[in-house]
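Observations on the model geometry
Each chain, letter by letter, is given below.
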Amino acid sequence: MMLVLQLPIADLRSFQTETANVVGPGWQFPPDPQRRGFLRGIGGVRLRRSEAEGRVDQWANAAWFVEARSVFKATFAAGQPSTHFPRTAAASGKSFSIERVFRRIYSDGGALWHVQLGVQLSLTFPQTQAVFRALVEDALDLQVQLPALPTDALVHPPSPLLKQRKAIIQRIARASTSRRQPHASPGTLLSGRPLLYMETRGRYKFADTDPSEYMDITQPLGGMGTIKGAPLQLHVDLLRRHKPDECLLLWLESGAALGRGARNHLRTNLLCLHAELEVLKQVLRKADSLGAVNTAFERYLVHAHKVMNRDRWLGNDQQVFRDALVAYDALTGDEAAAVRELLNDRRQSLARAEKIIRSIGRSNTTVHLNIEKAGVVNTELNIGGNVYGNVNYNATINGAQNVVNNISSPDLKAALEQLLAASGKLADALPVAERGKVAALTKEVIDEATAPAPDNAKLQISKNGLVEAAKAVAGMAPSIATAVGAVLAILGFA
C-alpha cells in the first residue's frame, strides 16, 4: 500500500517581473550526471528510477526531483509502525511494517512546485471501514521536523506536514532565491489544496461498510485495466477536519494485475495532474494582481492549455482524471472576469484562457451510483451537465454538516441547519436515484455560503435547482425556497 501526501505550490515570481530572481537546478532538462544541479540547502536533482528510461511528455517535473531528506526529517522512518500508525494498528489488529519512506520536491522551473511525502506499508488493503478511516487519520498526522535555520530563535517540534505549509513554502523560497536578493515577499508562493493519495492493490469485499458508499465520487476507470473483470476504481473525497486543513483524498484501487510500470504511470499521472490543476487555479485567481500581461504569463497559459486539453498521457485517459479532480473547486465569476480583463487585448491568450476556464469550471463526467442495498446498481445520472450521479446522499450531507458545525456565525449556522433539515425531508420523499442531486445542490449552497466571498449568482442557481427538485413532492417547494431564502437574506442577497 502506498500513501503520498502532496503539497502543490504556485510560484508567482516569474509573472511579476521579466527577470525573476529564481535560482536552482535547470528543471526543464534531465540532470547532467556530472553536474546535476541542486536546490540550495536542500539537495541535488535525481532521476526517478521508475521513469529514468521512459519519456517525459510536457510534464518535465515527472521524471526528476530533489531529494528532501535533509529538510523534512521524518520521525517515522524507523521504529514500530504502531507508534506512527496507532489508530490503524489498533483497528486492524494486525502487524505491518513501514517498507519505504520518500520526501521529494518537484518543479517545472516556472510556476509549479510540489512537495511529496510518501510512505509504503506492508498492508495490502484496509479490511474494514474502521481501518480505512484510521489509516486516513494516521496519514494526515504523520510527523516531520524542519531543521532550524540560523535565523530561527527556537527549534520547532515535529508536527504534521500539512500543519507546516507556510514553513515549507518559506524554505523553498529561501532555497530558490539568490543570496544577493531579498527573500520572496509573502504571497508570491502560495499553497494549493493538499492531496492525500492512497493506492491499494486489488479490490476486495470489506467486512463492514464499503468506503465507496461514503466517498463522494467513485469513478470507474474504463479502459485502464480490470480487477477480476471489474473496472479499476478511483474514489475521490474532500476531507475537512477543520476548514483551513481541507485536503483532497484520492484512493486508487489499482489491481495487482496491472504491473508495477502501469501503477507507476497511474500514480504519476494523478499526482502531476492534481499539482497542475491546483497551481493553475492559484495563478488564475491572482491574475488581477499582475497589473499587466507579460511573456511569462502568456507562456504559462500555453502550457496550461496543453495540459487541460490533452487526451492521453502515459497511456491514461486524461478526461477521466480531470473530471474527478475538478468536481470540488471552480473559479468564481469574479475570478474568471479578472482573467478576461487582464487578457482583453490579447486575443490568442484570451481564447486559451477561456478554454482553460471552461475545462476547470465544472466536471462533465457521467458517474455511477452504486447502492446495492437500495437496489440501485450502476445507475447513470447526468443532470444539466453537472455531476450529481454517484454522489452518495448520506456522505455528502455528512460532509456539509461538518462544515456547518464549524461556522462561527450563530445566525448563519441556524439557517443552514434548517436547510439541511428541509433537504433531508425532501430526500426521504424522493426516489433513491434523485437523492444525490438534492445532496449535491445542498452542499453547493453551504459551500458557497461559507466561502470568504459568497457568489450570489451561484447561490441563486443552486437555490433554483433545489426548488425545482422539490416540485416533485407535494408541499416541499415552498419550504425549500424559504430555507434557502433565509440563508441568502443573512448573506445580504435576499
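Before any of the text, the structure's been laid out above.
Residues numbered from 1 in each chain as written. Predicted model: local features only at pLDDT ≥ 70, side-chain atom pairs only at ≥ 80, totals over all residues. Heavy atoms only, no water.

Turning to the overall build of the chain, a few remarks are in order. Summing up its helical and strand segments, the chain has 15 helices and 18 strands in all. Relative to all contacts within the chain whose residues are 6 or more apart in sequence, the contacts with residues 24 or more apart total 69%. Surface summary for the chain: the accessible area is close to 21,700 Å², and the carbon and sulfur share equals 49%. (Helix = DSSP H or I, 4+ residues; strand = E, 2+ residues; numbered from the N terminus. Contact = heavy atoms within 4.5 Å. Areas by Shrake-Rupley, 256 points an atom, 1.4 Å probe, with all protein chains shown as cover.)

If you want to describe how two helices pack, look at the angle between their axes and the distance between the axes. Orientation of helix H12 (residues 410-429) relative to helix H15 (residues 476-491), taken along the N-to-C sense of each, is 160 degrees, at an axis distance of 9 Å. Classified by the angle their axes make, H12 and H15 are roughly antiparallel. In the packing of H12 onto H15, the handedness of the crossing is left-handed. Touching Asp411, Leu412, Ala415, Leu416, Gln418, Leu419, Ala422, Ser423, Lys425 and Leu426 of H12 are Met476, Ile480, Ala483, Val484, Ala486, Val487, Ile490 and Leu491, all from H15. Partitioned by chemical class, the residues of the contact of H12 with H15 number 14 nonpolar, two polar and two charged. (Axes fitted to C-alpha atoms, helices over the stretch in contact; angles between N-to-C directions. Parallel < 35°, antiparallel > 145°, perpendicular 65-115°, else oblique. Left-handed = near helix turned anticlockwise from the far one by under 90°. Nonpolar A, V, L, I, M, F, W, Y, C, P; charged D, E, K, R; others polar.)

Looking now at the pairing of strand S6 (residues 98-107). By the criterion of burial, S6 is predominantly enclosed, with eight of the ten residues buried. The pairing of strand S4 (residues 64-67) with S6 spans two bridges and is classified as antiparallel. From the neighbouring strand, Glu67 faces S6, where its bridge partner is Arg104. The pairing of S6 with strand S7 (residues 112-121) spans nine bridges and is classified as antiparallel. Within S7, the residue paired with Ser107 across the bridge is Trp113. (Buried < 20%, exposed > 50% of the residue type's maximum accessible area, 1.4 Å probe, protein only. Pairing = 2+ DSSP bridges.)

Turning our eyes to something else, we now look at the pairing of strand S1 (residues 2-11). Taking burial as the measure, the ten residues of S1 include ten buried ones, the bulk of the element. Residues Met2, Val4, Gln6, Pro8 and Ala10 of S1 are buried on one face, and the alternating residues Leu3, Leu5, Leu7, Ile9 and Asp11, pointing to the opposite face, are buried as well. In the sheet, S1 pairs with strand S11 (residues 195-200) via five bridges, with the strands oriented antiparallel. Looking at S11, one finds that Val4 is bridged to Tyr197. Sheet topology note: the S1/S7 ladder contains nine bridges and is antiparallel. Within S7, the position partnered with Gln6 by the bridge is Gln116. Direction of pairing for S1 relative to strand S10 (residues 189-191): antiparallel, over a ladder of three bridges. If you follow Asp11 over to S10, its bridge partner there is Leu189.

Running from amino to carboxyl end, helix H14 (residues 456-470) crosses H15 at an angle of 165 degrees, the nearest separation of the two axes being 8 Å. Accordingly, the angle class assigned to the pair H14 and H15 is roughly antiparallel. Where H14 crosses over H15, the handedness of that crossing is right-handed. Residue-level contacts link Leu459, Gln460, Lys463, Leu466, Val467 and Ala470 of H14 to Met476, Ala477, Ile480, Ala481, Val484, Leu488 and Leu491 of H15. When the residues that make up the contact of H14 with H15 are grouped by side-chain class, the tally is eleven nonpolar, one polar and one charged.

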